[in-house]
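Architecture and fold: a report
Given next are the chains, with one letter for each unit.
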Amino acid sequence: MSEKTESISYLQAIAISVGAIIGWGAYVMPGDLFLPQSQLLGSSVAIIIGTLAIYMVARAYINLLTQTPENESGGIYWIEKYINRKHAYIYGWGVTIGYISIIALNISAVALLLRYLLPSGLQLGYLYTIAGWEVYASEVSLCSAAIILFSYINLKGVRVGAKIQLYIALFMILSVTALFFASLWMTPTTQAFLPTDMSSGSITSLAWLPILAVMPWAYVGFETTPQISKAISDSKTKTKSIILISLIAGVLFYFLINYFTALNMSFDYQAIKDSHWATGEGIDNRIGSVGIWLLSIAMIGSIMSGINGFILSSVKLLESMGDTSLLPSIFTDKHNQFSKQKTVILICLVCLLSPWLGRNYLLDIVTMASLGITVGFAYVTTADLINERKKKQAGLLNYLSVFISMVFISLLLLPFSPAALSFNAYVLLGFFILLGAIGYKKIAVNPNVN
């Protein structure tokens, strides 16, 4: 069966989107950012505001999906139709870099989880230290095996990858739900289920702004839906519910994990700040080894779903670029047609570099990639606004979605922003812009338009 005739079921499409949203960060950010930055009340408000802002952006995706022909995927098609070909290339290049970078970060989370779960004696073959992170041959081997496995799965076809994604997502949902109820059950009767000092200072001080800034990265998974929309077997009009369901699932997951992290650490925000992994430490203290292994299952499921979902979506996005002759020859076969085999192998080779870089440099890659994703938001909301203006139906919400996208971009670029890109991230950004410019120049010189 050819790739173009393969299809993804409605439930599998939901699993891809939800699995891409609930990555490793859902288990790390509560202890690293949410609770230390703004405590339970402030972080909860930030999650709500961030989710509403992302929903305003998602409205543009939903609106355009309902107007997309059955034989087309969103994203590239929208930007080329409503803006122009050059901007379609910029959109595709930026979002692809974002997807691949998130694959790399999910791979690095395998090493982080291993260090918490397994004795240090299993860190075999010390190689070197980079930016304060010790690199071991054993961890590099395991991370490399993970990316090779999921690359192989996606070479077998989109249907195989989507089916595995559904099973992984189910394991992940069941594990997190069990952890939530176990945390409630094991909480001593002497401890309140909410902090006694829910101070409004965590809101009025705007300490939650750094949390708001990472919301595009936290919810980027919904952006995968337009890339796979052509492969979804159900009617295009149903795909809008995939985005809504994934956003609802995302906010529930972030709320649950943020809450039981605070609960299990007895709302001691200084202890949370001092902990290397507050979510894991809280589960270990409150529930014990059973809880830790249950958390590990959930986190492994999230890591695998992130790797698998973004490989699948990256391939579909690049395929859309190939359909409109917007791909450099490195992604095409001898007939200048999109080559899935070459594309998956190239993604695999790029991601195989990530375990060798250590974890600390990868955070710079992710902040750089976040800019690519937010630029993608800006392009899609602008395309939707242009479409609605042509129909003389543009309203305040259409303009608001563009404005929100620009705010997210500003939070990453303005030097005084708490989420501003680091110097290393700017260097990486410049490198990928240069690569993208070289690729576009070759396409523009000889555009083999179908």
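A short tour of the structure in this document, coming up. Note that the structure is a prediction, hence the values are computed from the model and not measured.

Conventions adopted
- Residues numbered from 1 in each chain as written.
- Predicted model: local features only at pLDDT ≥ 70, side-chain atom pairs only at ≥ 80, totals over all residues.
- Heavy atoms only, no water.
- Helix = DSSP H or I, 4+ residues; strand = E, 2+ residues; numbered from the N terminus.
- Rg over C-alpha atoms; globule rule 2.2 N^0.38 Å.
- Buried < 20%, exposed > 50% of the residue type's maximum accessible area, 1.4 Å probe, protein only.
- Contact = heavy atoms within 4.5 Å.
- Lys, Arg positive; Asp, Glu negative; His and termini not counted.
- Charge placed at Lys NZ, Arg CZ, Asp CG, Glu CD.
- Expected span 1.5 Å × (residues − 1).
- Axes fitted to C-alpha atoms, helices over the stretch in contact; angles between N-to-C directions.
- Parallel < 35°, antiparallel > 145°, perpendicular 65-115°, else oblique.
- Left-handed = near helix turned anticlockwise from the far one by under 90°.
- Nonpolar A, V, L, I, M, F, W, Y, C, P; charged D, E, K, R; others polar.
- Polar contact = N/O pair within 3.5 Å; in protein donor to acceptor, adjacent residues only side chain to side chain.
- Salt bridge = Lys/Arg side-chain N within 4 Å of Asp/Glu carboxyl O.
- Pairing = 2+ DSSP bridges.
- Phe/Tyr/Trp six-rings, centres within 6.5 Å; stacked < 30°, edge-to-face > 60°.
- Core = buried A, V, L, I, M, F, W, Y, C linked by side-chain atoms within 4.5 Å.

Our focus in this paragraph is the overall build of the protein. On a plain count of helices and strands, the protein comes out with 18 helices and two strands. A globule of 450 residues ought to have a C-alpha radius of gyration of about 22 Å, and the protein, at 21 Å, matches this closely. With the C-alpha coordinates of the protein rotated into their principal frame, the extents come out at 70 × 55 × 40 Å. Within the span of the protein, comprising 450 residues, buried residues form 55% of the whole. Within the protein, counting contacts between residues at least 6 apart in sequence, those at least 24 apart form 81% of the total. Between the mean site of the 26 positive side-chain charges and the mean site of the 21 negative ones, the protein shows a separation of 12 Å.

Now for the side chain of Asn387. Here Asn387 is to be found in helix 16 (residues 354–390). Accessibility expressed as a relative area gives 6% for Asn387, which makes it buried.

Before going further, it helps to examine helix 17 (residues 396–413). For helix 17, with 18 residues, the first-to-last C-alpha span of 26 Å sits near the 26 Å given by 1.5 Å per residue. Along helix 17, the positions that sit buried rather than exposed are Asn398, Ser401, Val402, Ile404, Ser405, Phe408, Ile409, Leu411 and Leu412.

Once that is clear, we can look at the packing of helix 4 (residues 85–117) against helix 5 (residues 137–155). Relative orientation of the contacting elements helix 4 and helix 5 amounts to 135°, with a least axis distance of 10 Å. Accordingly, the angle class assigned to the pair helix 4 and helix 5 is oblique. Note on packing geometry: the crossing formed by helix 4 with helix 5 is right-handed. Counted together, Ile103, Ile107, Val110, Ala111, Leu114 and Arg115 of helix 4 and Glu139, Leu142, Cys143 and Ile147 of helix 5 form the full contact between these two elements. A per-class count over the contact of helix 4 with helix 5 returns eight nonpolar, no polar and two charged.

Here the focus is the side chain of Thr51. Tracing the backbone shows Thr51 in helix 2 (residues 25–65). Assessed through its relative accessible area of 11%, Thr51 is described here as buried. At 2.7 Å, the side chain of Thr51 and the side chain of Tyr219 are in polar contact.

Turning our attention to the pattern of salt bridges. For the structure on display, the rule yields three salt bridges. Among the salt bridges present, the one from Lys391 reaches Glu388, with a minimum N-O distance of 3.2 Å. Judged by its relative accessible area of 35%, Lys391 falls in the partly exposed class. For Glu388, a relative accessible area of 6% gives the class buried.

The next subject is unusual backbone geometry. Look at Gln39: it is not a glycine, yet its phi comes out positive at around 55°. Within the element layout of this structure, Gln39 appears in helix 2. At Ser266, a position not held by glycine, the phi torsion is positive, near 55°. Here Ser266 lies in the loop between helix 11 (236–264) and helix 12 (269–274).

Time to look at the pairing of strand 2 (residues 133–136). Here strand 1 (residues 126–130) pairs with strand 2 via four bridges, running antiparallel. The residue bridging Tyr126 from the neighbouring strand is Tyr136, located in strand 2. Following strand 1, the chain reverses through two residues before pairing antiparallel with strand 2; Ala131 in that reversal takes a positive phi of roughly 55°.

Glancing now at the environment of Gln12. The topology assignment puts Gln12 in helix 1 (residues 10–21). Polar contacts involving the side chain of Gln12 include one to the main-chain amide nitrogen of Ser9, which spans 3.0 Å.

The subject of this paragraph is the packing of aromatic side chains. All chains considered together, the criterion is met by 13 aromatic pairs. A ring pair is formed by Tyr126 and Tyr136, whose centres lie 5.8 Å apart and whose planes are at 70°; its orientation type is edge-to-face. Of this pair, Tyr126 sits in strand 1 while Tyr136 sits in strand 2; the two residues are ten residues apart in sequence, bridging distant segments of the chain. One aromatic cluster is present, built from ring pairs that chain together Tyr61, Trp78, Phe222 and Phe377.

We now examine the nonpolar core. Of all hydrophobic cores here, the largest spans 126 residues; its most connected members are Ile8, Ile22, Tyr27, Ile103, Tyr219, Phe222 and Tyr254. No other element matches the 20 residues that helix 2 contributes to this core. When residues no more than four places from it in sequence are discounted, the contact partners of Tyr27 are Ile22, Met172, Val176, Ile257, Trp277, Thr279, Leu295, Ala298, Met299 and Ser302. Listed in part, the ten residues of the second largest apolar core include Ile365, Ile409, Leu412 and Ala425.

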